[in-house]
Amino acid sequence: MFVGLDLGTSGLRALLIDASQNVIAAREATYDTTRPHSGWSEQTQSSWIDACKDVFAQLKADFPHEVAAIKGIGISGHMHGANLLDDTGTPLRPCMMWNDTRSVDQAAKLDRTPNVRDLSGNIVFPGFTAPKVAWVADNEPDIFEKTAKVLLPKDYLNFWLTGVYASDMSDSAGTSWLDVGTRNWSETLLAASGMRADQMPTLFEGSEAIGPVQDTIAAQLGLPKGVIVAAGAGDNAAAACGIGALNEGDGFVSLGTSGVLLTGRGAYAPKPESAVHTFCHAVPGRWYQMGVILAATDSLNWLAKNLGQSPADLSKALGDSISGPGTMRFLPYLSGERTPHNDAEIRGAFLNIDINAGPEALTQAVLEGVAFALRDNYEALKSTGAHLDHLIAIGGGAQSPYWVELIATLLDLPVSLPEAGEFGAALGAARLAICAATGADPEAVMTKPAIGTTVPPRSELRDSYETAYAGFVKSYPGIKALQQ
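Residues numbered from 1 in each chain as written. Predicted model: local features only at pLDDT ≥ 70, side-chain atom pairs only at ≥ 80, totals over all residues. Heavy atoms only, no water.

(A) Molecular detail of the pairing of strand 1 (residues 2–7). Here strand 1 lies mainly inside the structure; 6 of its 6 residues are buried. Here strand 1 shows a buried face lined by F2, G4 and D6 and a second buried face lined by V3, L5 and L7. Direction of pairing for strand 1 relative to strand 5 (residues 72–77): parallel, over a ladder of 6 bridges. Bridge pairing in strand 5 places G4 opposite G74. Taken together, the 6 bridges between strand 1 and strand 2 (residues 11–17) define a ladder with antiparallel strand orientation. Note on strand 2: the bridge partner recorded for D6 is R13. (Buried < 20%, exposed > 50% of the residue type's maximum accessible area, 1.4 Å probe, protein only. Helix = DSSP H or I, 4+ residues; strand = E, 2+ residues; numbered from the N terminus. Pairing = 2+ DSSP bridges.)

Pasting the structure below:
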């Protein structure tokens, strides 16, 4: 048996599978995020440990024989968080989360520093780890002076399990301290934010073992002795492992709270100015790139809340098939935007509102706006040399046939929907556990899911949507000028 843990923003999900990757059980435990000031977002490390104890207690209560047969654990986690530890491994402050934006000034300063983009392969976003620690240096100098190690969120949980300071390449690529091309800590990048190599964990590939669960922790969790812990992965890399997107041309579109368009890459091909993220993959010798929009289903949820209807009902009212673009335009920048604009200040807008426009027209504009923004991501990815032949759609928004067909048409790519089942970050983490505990080849373990249906582009509507997309592209600079 093997376990994948997905340390999410709001809770920890545990997936128990057997050696043939049959799902035995899934269990969850939640925790809170605190926001003591505007732009701050923090979690306590002890809440993750409590959640870990909770999910294993649930599994042991319901599946005692299976838990006794666990051989490996892998963890996926939300990226970019900063856990500052003293020389005993004790947290000095709560974790600063991926969506904590207090370090805008520090990020801008690091991003202007010579060689930082070249070595890290990415813009230094305020959400990344290095600017957060630089903020601590500027505002909490006593804590900064005591910092012996900095760990990412899932790496802290791995440290609690094993006693080993470790990280994997995919998660570490989002710190602005890793030379993403050579897959190693960069002395230049560390020095840019006043850090040292000895404050970093040891690097592993995500499919490698970092060590066994400590005997005392195994006893607490009801695990057998000697369970191997994989280095694990950042959440999107783990999702790519779960869906089998390892190689050049393998990709998926995730319609979740945020939207992600991701493709595997066989070589390192950064283009920071595009605001595309270029990160190491969780398996050796591969990278991945992704464009990110900050409000995908969040845009539909926002509209639904204000119209007093459910997101599903709004989407269903449009039917299952597209018939051409509407005249209204929606810019989905409700919380700023990442790719391609790297603009934390831009906000959303409706254009061409007609007096006859009702809920259906508003919904169509919102779904189109998100799809246009994903097309922006696709163009940014292509500018780096990435090539996609098809996509797999995951996330809650993929339940809308209308939205999936719209994205397929706008990207001019077939979009496949997996059969019902597990294929997300928790499965990816469990697959990494299989590799770490058994030495199995990731290519053999990280297969693609069975496909339920494939949605082709509507070629007869391509030209009309191209015209509408061209109008969308022109909207951003105009709205930006008005909002300044």
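Alright, that's what it looks like, and here's the rest.
(B) Up close: the sheet that holds strand 17 (residues 259–265). Within the open sheet, the 7 strands sit side by side as 18-19-17-16-22-23-24. Their pairing is mixed. Edge strands, defined here as strands with exactly one partner in the open sheet, are strand 18 (277–280) and strand 24 (451–455). Adjacent strand axes in the sheet meet at a mean angle of 25 degrees, parallel and antiparallel pairs treated alike. Of the strand pairs in this sheet, strand 16 (residues 251–255) and strand 17 are connected by 5 bridges, and their pairing is antiparallel. If you follow F252 over to strand 17, its bridge partner there is L262. Across the sheet, helix 11 (residues 235–243) is in contact with strand 16, strand 17, strand 19 (287–293) and strand 22 (391–394); its angle to strand 16 comes to roughly 120 degrees. Sheet contacts for helix 14 (residues 359–383): strand 16, strand 17 and strand 19; angle to strand 19, the most-contacted strand, approximately 150 degrees. (Axes fitted to C-alpha atoms, helices over the stretch in contact; angles between N-to-C directions. Contact = heavy atoms within 4.5 Å.)

(C) Quick peek at the packing of helix 1 (residues 45–62) against helix 7 (residues 153–162). One way to put it is that helix 1 packs onto helix 7 with a least axis distance of 10 Å and a crossing angle of 60 degrees. In this view, helix 1 runs oblique relative to helix 7, as classed from their interaxial angle. Crossing hand, helix 1 versus helix 7: right-handed. Here helix 1 contributes Q45, W48, I49, C52 and K53 to the contact with helix 7, which in turn contributes P153, Y156, L157 and W160. Tallied by class, residues from the contact of helix 1 with helix 7 come to 7 nonpolar, 1 polar and 1 charged. (Parallel < 35°, antiparallel > 145°, perpendicular 65-115°, else oblique. Left-handed = near helix turned anticlockwise from the far one by under 90°. Nonpolar A, V, L, I, M, F, W, Y, C, P; charged D, E, K, R; others polar.)

(D) Inspection of the nonpolar core at higher detail. With 69 residues, the main nonpolar core has V133, W177, M195, F252 and M446 as its most contacted residues. A per-element tally of this core places helix 16 (residues 425–438) first, with 9 residues. Once residues within four sequence positions are removed from consideration, M195 is found in contact with V133, F144, V150, W177, L190 and M200. Among the nonpolar cores identified, the runner-up in size contains 54 residues, and L261, A380, L381 and V404 belong to it. (Core = buried A, V, L, I, M, F, W, Y, C linked by side-chain atoms within 4.5 Å.)

(E) Layout of the pattern of salt bridges. In the structure shown here, the tally under the stated rule is 24 salt bridges. Across the pair E422 and R13 runs a salt bridge whose closest N-O atoms are separated by 2.1 Å. Placement of E422 in the loop between strand 23 (415–418) and helix 16 and of R13 in strand 2 is noted, with a sequence separation of 409 residues between them. Measuring nitrogen to oxygen at the nearest pair gives 2.8 Å for the salt bridge that ties E42 to R102. Taken together, the residues span a long stretch of sequence, with E42 in strand 4 (residues 42–43) and R102 in the loop between strand 7 (95–96) and helix 3 (104–112) at a distance of 60 residues. Here the salt bridges share partners, and the residues they tie into one network are E42, R93, D100, R102 and E140. (Salt bridge = Lys/Arg side-chain N within 4 Å of Asp/Glu carboxyl O.)

(F) Highlighting helix 11. Burial within helix 11 is extensive, with 8 of its 9 residues counted as buried. Every buried residue belonging to helix 11 is among N236, A237, A238, A239, A240, C241, G242 and I243, and all of these are buried. Of the residues trailing helix 11, G244 is marked for its positive phi of about 80 degrees.

(G) Here's a closer look at the side chain of H80. In this structure, H80 sits in the loop between strand 5 and strand 6 (83–85). A polar contact is formed between the side chain of H80 and the backbone oxygen of G174, at a distance of 2.8 Å. In this structure H80 touches M96, W98, G127, F128, T129, K132, L152, D171, G174 and F279, once residues within four positions along its chain are discounted. (Polar contact = N/O pair within 3.5 Å; in protein donor to acceptor, adjacent residues only side chain to side chain.)

(H) Structural context of the packing of aromatic side chains. Under the definition given, this model contains 15 aromatic pairs. Centroid distance Y333 to Y476: 6.0 Å. Interplanar angle 90 degrees. Geometry classified as edge-to-face. Of the two residues, Y333 is situated in the loop between strand 20 (329–331) and strand 21 (349–351) and Y476 in helix 18 (residues 462–483); the sequence distance between them amounts to 143 residues. Here Y333 matches Y476 in class, with each residue buried. For the ring pair F372 and F472, a centre distance of 5.3 Å and an interplane angle of 35 degrees mean the geometry is tilted. With F372 in helix 14 and F472 in helix 18, this pair connects stretches of sequence that are 100 residues apart. Assigned by exposure class, F372 and F472 land together as buried. Here the aromatic cluster, defined as three or more aromatic residues joined through ring pairs, consists of W48, Y156, F159 and Y165. One cation-aromatic arrangement involves R183 over W287; the distance from NZ or CZ to the ring centre is 4.9 Å. The side chain of R338 reaches across the aromatic face of F125, ending 4.7 Å from its centre. (Phe/Tyr/Trp six-rings, centres within 6.5 Å; stacked < 30°, edge-to-face > 60°. Lys NZ or Arg CZ within 6 Å of the ring centre and 35° of its normal.)

Without other data, these values stay purely geometric and don't point to any function.
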